[in-house]
Amino acid sequence: MMASDKVQQALKELEEKKKAGQISTKEFYFGLLDVIKLLEEELHKENLTEEQLKRQIPFILTFIKTQIRELKARGN
């Protein structure tokens, strides 16, 4: 199975569980973070070019900064 298929399958299964009401919003959220971990593991195995990395950095920075702001807003 290709890495992209593996990550996509994990996401699909998670989305199906949420849609079927088998998991809560909190479980879905943390499941999404687990999918990100899986993606990170697979990306480490790749030989990404400088240009590919540069295109992805803004998305990752936005995600991280948003999560930090939300964490701070909750008093943590």
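Residues numbered from 1 in each chain as written. Predicted model: local features only at pLDDT ≥ 70, side-chain atom pairs only at ≥ 80, totals over all residues. Heavy atoms only, no water.

A. How the structure looks around the overall build of the protein. Along its length, the protein carries 3 helices and 0 strands. Starting at the N terminus and walking to the C terminus, you meet the elements of the protein as α-α-α. Here the C-alpha atoms of the protein give a radius of gyration of 15 Å, more than 25% beyond the 11 Å that 2.2 N^0.38 yields for 76 residues. Projected onto its principal axes, the C-alpha coordinates of the protein cover approximately 40 × 35 × 15 Å. When each of the 76 residues of the protein is scored for burial, the buried share is 11%. Of the roughly 6,700 Å² that the protein leaves accessible, carbon and sulfur atoms contribute 58%. Positive and negative side-chain charges in the protein, numbering 14 and 13 respectively, have mean positions lying 7 Å apart. (Helix = DSSP H or I, 4+ residues; strand = E, 2+ residues; numbered from the N terminus. Rg over C-alpha atoms; globule rule 2.2 N^0.38 Å. Buried < 20%, exposed > 50% of the residue type's maximum accessible area, 1.4 Å probe, protein only. Areas by Shrake-Rupley, 256 points an atom, 1.4 Å probe, with all protein chains shown as cover. Lys, Arg positive; Asp, Glu negative; His and termini not counted. Charge placed at Lys NZ, Arg CZ, Asp CG, Glu CD.)

B. Just helix α2 (residues 25–44), in detail. The first and last C-alpha atoms of α2 sit 29 Å apart over 20 residues, in line with the 28 Å expected at 1.5 Å per residue. Of the surrounding secondary structure, the elements contacted by the buried residues of α2 are α1 (3–19). (Expected span 1.5 Å × (residues − 1). Contact = heavy atoms within 4.5 Å.)

C. Geometry of the layout of surface pockets. Of the pockets and cavities examined, the largest pocket occupies roughly 530 Å³. Lining the largest pocket are 15 residues, and of these Leu39, Glu40, Leu43, Gln56 and Ile60 sit closest to its centre. Only α2 and α3 (50–73) provide two or more residues apiece to the lining of the largest pocket. In terms of residues, the lining of the largest pocket owes the most to one element, α3, which gives 8 residues. Across the lining of the largest pocket, the residue classes tally to 9 nonpolar, 3 polar and 3 charged. (1 Å grid on protein atoms, 1.4 Å probe; cavity = no way out; pocket = protein on both sides within 12 Å on 5 of 7 lines; lining within 4 Å. Points joined across faces, edges and corners; volume = space filled by probe spheres on them. Nonpolar A, V, L, I, M, F, W, Y, C, P; charged D, E, K, R; others polar.)

D. Up close: the pattern of salt bridges. Considering all chains together, one arrives at 3 salt bridges under this definition. A salt bridge links Glu42 to Lys6, with the nearest nitrogen and oxygen atoms 3.1 Å apart. With Glu42 in helix α2 and Lys6 in helix α1, the pair connects residues that are 36 residues apart, well separated along the chain. Under the relative-accessibility criterion, Glu42 is labelled buried at 10%. Exposure remark for Lys6: the relative accessible area of 37% places this residue in the partly exposed category. In this structure, the salt-bridge partner of Asp34 is Lys37, at a minimum N-O distance of 3.4 Å. One end of the pair is Asp34 and the other is Lys37, both in helix α2 and 3 residues apart, which spans about a single turn. In the salt-bridge network here, residues are joined through shared partners; they are Lys6, Glu42 and Lys45. (Salt bridge = Lys/Arg side-chain N within 4 Å of Asp/Glu carboxyl O.)

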